[in-house]
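If you want the building blocks of each chain, they are given just below.
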Amino acid sequence: MFKAARILFGIMVVSFLIAPLLVILPLGFTDSIFLSYPIPGFSWRWFHELFTADAWRRSIINSLIVGSGTTILATVLGTLAALGLRDRLVPFSGFFKTAFLLPMVVPAVVLGVGMQILFVKLGVAYTYPGVIIAHTVLAIPFVVVNVSASLDGIDRRIERAAASLGAPPHVVFQKVTLPLAIPGVLSGAVFAFATSLDEVVLTLFVAGPNQRTLARQMFSTIRENISPAIASAAFLFITGTIILALITVYVRSQTQRSARRPN
Amino acid sequence: MRGGTPLRRHLAAALMLMPLVVFLGLFFVWPIITMLSEAVSDPVVVKTLPATTEAARAWDRQTPGAGALGQALVDDIRATTDDQAMGDVVRRLNSAKSGFRTLMMKTLSAARGSTGPLDLTTVDERWKDNGYWEAIAAAAQSRYTDRNLLAALDYARNPQGSIEALPPAASNNADIFKRTFVISGLVTLMCIALGYPFAMLAASVTGWKRQLLLGAVLLPLWTSLLVRTAAWFILLQDRGMINSTLLGLGIISEPLPLLFNRLGVVIAMTHVLLPFMVLPIFSVLIGIPGNLMPAAQSLGASKLRAFWHVLLPLSLRGVASGALLVFMSAIGYYITPALIGGPRDQMISSIIAFYATGTANWGMAGALGIILLAATLALYAVYHRLTSDRALRV
């Protein structure tokens, strides 16, 4: 009896968590203009709309531009900082490590209001660089955390071995440390891209009509006139997420294999 | 990393840290400071009407304002070419006392359309009322103001300068804060109610079952927030899956109102935030030695008693950090209430966004933002203390 209740509860929570994601997938392929079941027939019309309708197509391109810019900027800044924090060689390392996580904590609307006022004064509001900068602020914590984790996982003895064999420090860094940290850098980059792709709130505040991203376009479509194009976009997001998640898991397993400390 | 002498390594580390520190200083800290200063700064009258400001500070508030301040105001209007700044002045004064918009428009054209001394009481009778001059004097008092911060808490200064509560009809920020905390509290309770037993279940099984349960938690976590909100929007509609299933089964005869109300917001937010509850509890539970519960039971405690006196106290830390994480995230939520909620379910973030983008009232947006930020940081400080010595963070 108790066991049956446990199983039932488990199934209920798992379906609560997963069902909404599964329900939305087939609706991307409906030929109706309504987002409801049963689906009258299969069609590609909403995917067609996604890639041909001007508003959607431009928003996809904008997301790719902003996402790439954010990924590059956040990965470079975050990786450098994680390297700088590695051996606590800088005073207040602990403080910096905590401070770098704060963009995840501060409510997005609060940051958005501040950014809008400041970016207008600085002249970067309603421009691509402005949006990229805003997204980068949010993406930074993910890069720092991922790169720091992979640096922490490196076995010091490998570096010492290289040094004892006569490699100068910069060679040890280039040939040993960096290759071992690469998986963390890559998963940080994936997180940075995903953060940018999904960002709505800061985009509402700092982007103009010309920088409307896919997430922003989805937000106003749900708000103003919901159409099955939303489900098609969601299909792309979910398949994209699964691919990115698989890459991340693969990269992580590589990190663990290559840098696992011998027992 | 070149060189290898300790000092050079310190320098190299500092150099690598520098770009990010500068970047976040410029684009994370500075925006927040800008928002804070916007909330307390009130420079338009002082900046645009310098002569009036000086006259107002010397004014005794007893003599007719039109005499003492009138000519200074006329001079200031004639000296100003910046129409936008003058517009800001009008807006600022009108928000302090209604009627200023038409009064100032009339005065502007009268002052600009004439030269020499001008008696403002002939332009508009209202200038005889010292209330208008007091409003100007109050605005000219200082470049800084506590007006927005007081208004954010439903207080204001009366003409004598003391603080009083605004009538409930004029301002309902307290209601919105209360609503934000109520919704966040409900979501947190729902997350504990579902998340704690679920984490216990995941910790008690092994192998593929545990992988499945944890995968079910992680997959939504990795999925776009917008997609999850869209999915709930579709599910909760009148013609959505939930209603059509219930209608089909004959349980209800009318579609249940699930969208654009409190229930929908709580369901969708619980879905979004549940992983943040399950993961910290799970990581605490798997750290508890598995033989404690059997030990308690072998000593005669019932299952429930063993849970109450052994497992629950040991796992409370996980519950507390999960609850803090969920509550802290929930009070700043914008997207889910904006899309799933009705007008009566909008939380504080929506009101801030409304002031900022809807009415360009940066001062109020900033003041409400300060309160939200302070609440969030206070909760985060507690969370950080609670988790800093153990790997509980998600």
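Residues numbered from 1 in each chain as written. Chains lettered and ligands numbered in written order. Predicted model: local features only at pLDDT ≥ 70, side-chain atom pairs only at ≥ 80, totals over all residues.

Enquirer: Explain the overall build of chain B to me, please; I cannot follow it from the model alone.
Expert: Counting secondary structure elements, chain B contains 19 helices and 2 strands. Relative to the compact-globule value of 21 Å for 394 residues, chain B shows a C-alpha radius of gyration of 30 Å, a clear excess of over 25%. Looking at chain B residue by residue over its 394 residues, the buried ones come to 41%. Nonlocal contacts in chain B, meaning residues at least 24 apart in sequence, comprise 69% of its contacts between residues at least 6 apart. (Helix = DSSP H or I, 4+ residues; strand = E, 2+ residues; numbered from the N terminus. Rg over C-alpha atoms; globule rule 2.2 N^0.38 Å. Buried ≥ 20, exposed ≤ 12 C-beta atoms within 10 Å, placed from the backbone. Contact = placed C-beta atoms within 7 Å.)

Enquirer: What exactly am I supposed to notice about the overall build of chain A here?
Expert: When helices and strands are tallied, chain A shows 12 helices and 0 strands. Scanning chain A from its N terminus toward the C terminus, one meets helices and strands in the order α-α-α-α-α-α-α-α-α-α-α-α. If you line up chain A on its principal axes, its C-alpha atoms span 70 × 65 × 35 Å. Of all intrachain contacts in chain A linking residues separated by at least 6 positions in sequence, the fraction that spans at least 24 positions is 76%.

Enquirer: Which parts of the structure should I look at to understand the environment of L221 of chain B?
Expert: Residue and element names in this part refer to chain B. Tracing the chain through its elements places L221 in helix α11 (residues 207-222). For L221, a count of 18 C-beta atoms within 10 Å translates into the label partly exposed. The spatial distance from the C-alpha of L221 to the C-alpha of I370 is 28 Å, given a sequence separation of 149 residues.

Enquirer: Hey, could you run me through unusual backbone geometry in this one?
Expert: The phi angle of most residues is negative, glycine excepted, and most peptide bonds adopt the trans form. Residue and element names in this part refer to chain B. Positive phi is not limited to glycine here, since R61 has a value of about 70°. Here R61 shows up in the loop between α3 (50-58) and α4 (65-79). The backbone of D154 sits at a positive phi, close to 65°, despite the residue not being glycine. Position of D154 relative to the elements: it lies in the loop between α9 (147-152) and β1 (155-157).

Enquirer: In this structure, what is going on with the domain arrangement of chain B? I would like to understand it.
Expert: For chain B, the domain assignment lists domain 1 (44-143) and domain 2 (173-387). Of note, the centres of domain 1 of chain B and domain 2 of chain B, computed from C-alpha atoms alone, are 52 Å apart. (Domains from an automatic or database assignment.)

Enquirer: Whenever I open this one, the domain arrangement of chain A confuses me. Can you help?
Expert: Interfaces are frequently sized by the accessible area removed from exposure as the parts join. Residues and elements named next belong to chain A. Examined at the domain level, chain A breaks down into domain 1 (1-43) and domain 2 (54-259). For domain 1 and domain 2, the distance between their C-alpha centroids amounts to 31 Å. Each side of the interface is counted separately: domain 1 has 8 residues, and domain 2 has 8 residues. Among the residues forming the side of domain 1 that touches domain 2, the class breakdown is 6 nonpolar, 2 polar and no charged. (Nonpolar A, V, L, I, M, F, W, Y, C, P; charged D, E, K, R; others polar.)

Enquirer: Got a minute to help me understand helix α6 (residues 100-112) of chain B in this structure?
Expert: In this model α6 of chain B runs 17 Å from its N-terminal to its C-terminal C-alpha over 13 residues, within 8% of the 18 Å that 1.5 Å per residue would give. In this structure, the buried side of α6 of chain B is in contact with α5 (83-96), α7 (120-123) and α8 (130-140) of chain B. (Expected span 1.5 Å × (residues − 1).)

Enquirer: Mind showing me how you'd approach the confidence of the model for chain B here?
Expert: For residues with low pLDDT, the predicted coordinates do not support detailed interpretation. Looking at chain B, pLDDT values average 87 and 97% of them are 70 or higher. For this predicted complex, the interface confidence comes out at an ipTM of 0.90, alongside a pTM of 0.87. (pLDDT = per-residue confidence, 0-100.)

Enquirer: Would you mind showing me how to read the packing of α11 of chain B against helix α14 (residues 262-285) of chain B here?
Expert: Think of two packed helices as two axes; the pair is described by the angle between the axes and how far apart they sit. Residues and elements named next belong to chain B. Where α11 contacts α14, the axes come no closer than 9 Å and their chain directions differ by 130°. Regarding the angle of α11 to α14, the classification is oblique. Viewed along their axes, α11 and α14 form a crossing whose handedness is left-handed. Taken together, the residues of α14 that come into contact with α11 (itself represented by V217, L218, P220 and L221) are H271, P275, V278 and L279. The class makeup of the residues in the contact of α11 with α14 is 7 nonpolar, 1 polar and no charged. (Axes fitted to C-alpha atoms, helices over the stretch in contact; angles between N-to-C directions. Parallel < 35°, antiparallel > 145°, perpendicular 65-115°, else oblique. Left-handed = near helix turned anticlockwise from the far one by under 90°.)

Enquirer: Explanation requested: the interface of chain A and chain B in the structure shown.
Expert: Facing the 63 residues of chain A at the interface are 67 residues of chain B. Considering each element in turn, the side of chain A that touches chain B owes the most residues, 13 residues, to helix α1 (residues 2-27) of chain A. Partitioning the side of chain A that touches chain B into residue classes produces 51 nonpolar, 8 polar and 4 charged.

Enquirer: Would you take a moment to explain the nonpolar core for this structure?
Expert: In globular proteins that are soluble, nonpolar side chains generally tend to be buried together. Counting 158 residues, the largest nonpolar core has I140 and A234 of chain A together with A230, L273, V326, I352 and L368 of chain B as its most contacted members. A per-element tally of this core places α14 of chain B first, with 15 residues. In this view, V326 of chain B contacts V187, T188, C191, L273, F276 and M277 of chain B; residues no more than four positions away in its chain are not counted. Core analysis: the second largest hydrophobic core is formed by 28 residues, A56, W59, L73 and A137 of chain B among them. (Core = buried A, V, L, I, M, F, W, Y, C linked by C-beta atoms within 7 Å.)

Enquirer: Help me out: how do you make sense of the environment of A268 of chain B in this one?
Expert: Residues and elements named next belong to chain B. On the secondary structure map, A268 appears in helix α14. Its 28 C-beta neighbours within 10 Å are what place A268 among the buried residues. The sequence separation of A268 and L20 amounts to 248 residues, and the corresponding C-alpha distance is 35 Å. Setting aside chain neighbours within four positions, we find A268 in contact with T229, W232, T336 and I340.

Enquirer: Any chance you could explain the environment of T245 of chain B here in plain terms?
Expert: Mapped onto the elements, T245 of chain B comes out in helix α13 (residues 241-248). Measuring from C-alpha to C-alpha, the distance between T245 of chain B and A111 of chain B comes to 70 Å, with 134 residues separating the pair along the chain.

Enquirer: Sorry, what's going on with helix α18 (residues 348-358) of chain B here?
Expert: The α-helix advances 3.6 residues per turn, and as a result positions three or four apart in sequence lie on the same side. Within α18 of chain B, 8 of the 11 residues are buried, leaving the element largely enclosed by the surrounding structure. Of the positions making up α18 of chain B, those classed as buried are I348, S349, S350, I351, I352, A353, Y355 and A356 of chain B. Summarising the contacts, the buried residues of α18 of chain B are in contact with α6 (108-122) of chain A together with α10 (173-204), α17 (335-340) and α19 (362-387) of chain B. Looking one or two residues past α18 of chain B, A360 of chain B carries a phi angle of roughly 55°, positive in sign.

Enquirer: It is not clear to me how the packing of α4 of chain B against α6 of chain B should be interpreted in this structure. Could you clarify?
Expert: Residues and elements named next belong to chain B. Between α4 and α6, whose axes approach to 9 Å, the crossing angle comes to 75°. Between α4 and α6, the interaxial angle falls into the category roughly perpendicular. Where α4 abuts α6, its residues V74, I77 and R78 lie against L108, A111 and R112. Of the residues that constitute the contact of α4 with α6, the class distribution is 4 nonpolar, no polar and 2 charged.

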